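Observations on the model geometry
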Amino acid sequence: GELEIEEGYFYYTGLPGRLRLDLGVFRQQLGELNRWHLHAVPETDYPLAVTTYAGEEGLAGAGLSAYWNARVLGTQELWAQVTRGDNEGLFDGGNRPAYLVHLNNFWQLGRATYMQLGATGVYGTNPDTGLVTRLGALDLRFTWRPPARAKYREWNVRGELFAIEKERAGAGEVRHGWYVGTNYKL
């Protein structure tokens, strides 16, 4: 077969203002499930909408990531990532920089429940094929996990909505996709 690095990065957390920088190869913060490897996903496969827009292996790349969080009316996280845009599904295997911005918001609704809402934007080009790609995504998750039984009881409802535009020579169309899933730990 072939040997390749799936993930390997250095990160630095000693920057002011709760800023963290990552440098290396990493899974990008596209929505709710892309950041996880398949063995960590609660389903046996990634949802079809995720693989349709981000590819079978998901959106990952070599580059630089900046992460920042704030605690105002919940917790907000902001990622800004620049990677080599070589994803076959999004950029036709190009090699120009691709840009991703992801904002995630968490709210603790009670002792046992929380909700998160996120938004992602991805932009990249491939001049060799005249391709400009814009991808937007919204993700939502609701979790119930009773504190005294969190190891044994949990219920999650999650979903994502995608919109992608692939433009060549000024012409393109917008396609949409989505999924909703739930899991309950007995």
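Small disclaimer: the values here were computed from a predicted structure and weren't measured.

**Digging into the packing of aromatic side chains**
One pass over the full model with this rule turns up six aromatic pairs. Centroid distance Tyr9 to Phe26: 6.4 Å. Interplanar angle 90°. Geometry classified as edge-to-face. Here Tyr9 is found in strand S1 (residues 8-15), whereas its partner Phe26 is found in strand S2 (residues 19-27), with 17 residues between them in sequence. Classification of Tyr9 by relative accessible area gives partly exposed; the value is 35%. Plain terms: the ring middles of Phe142 and Trp155 are 5.9 Å apart, the flat faces sit at 75° to each other, and that makes the pair edge-to-face. With Phe142 in strand S7 (residues 131-144) and Trp155 in strand S8 (residues 154-168), this residue pair connects regions lying 13 residues apart in the sequence. Phe142 gets classed as partly exposed once you look at its relative accessible area, which sits at 27%. Each residue in the set Tyr9, Tyr11 and Phe26 is aromatic and connected to the rest through ring pairs, giving one cluster.

**Digging into the pairing of strand S9 (residues 171-185)**
In this sheet, S9 lies alongside S8 in antiparallel orientation, the contact comprising 15 bridges. Counted as the bridge partner of Phe162 is Gly177 from S9. The hairpin formed by S8 and S9 contains two residues between the paired strands, and Ala169 there has a positive phi angle of roughly 50°.

**Re the side chain of Asn126**
With respect to the element layout, Asn126 can be found in strand S6 (residues 113-126). Once you skip the residues sitting within four places of it in the chain, Asn126 turns out to touch Phe91, Asp92, Gly93, Gly94 and Leu131.

**Things to note about the environment of Gly177**
Relative to the assigned elements, Gly177 resides in strand S9. Here Gly177 falls in the buried class, since its relative accessible area comes to 10%. Note: C-alpha distance between Gly177 and Leu48 (129 residues apart in sequence) is 8.9 Å. Leaving out residues up to four positions away in the same chain, Gly177 has contacts with Ala49, Tyr53, Glu160, Leu161 and Phe162.

Reading the values: rules and limits
Position numbers for residues start from 1 in each chain and track the written sequence from start to end. Reporting of local features is limited, given that this is a predicted model, to residues whose pLDDT is at least 70; pairs of side-chain atoms are given and counted only at 80 or more, and all residues count toward the totals for whole chains, interfaces and linings. Side-chain measures were taken over the full set of non-hydrogen atoms in the model, leaving aside hydrogen atoms and water. When the centres of two rings from Phe, Tyr and Trp lie within 6.5 Å, Trp using its six-membered ring, the rings pair. Their planes under 30 degrees apart give stacked, over 60 give edge-to-face, and anything left gives tilted. Strands here are runs of E lasting at least two residues and helices are runs of H or I lasting at least four, both read from the DSSP assignment and numbered beginning at the N terminus. Only protein chains enter the calculation, and the probe is 1.4 Å; a residue is then buried if its accessible area is under 20% of its type maximum, exposed if over 50%, and partly exposed in between. Pairing between two strands requires that DSSP report at least two bridges joining them. By the convention used here, residues are in contact when the closest approach between their heavy atoms is within 4.5 Å.

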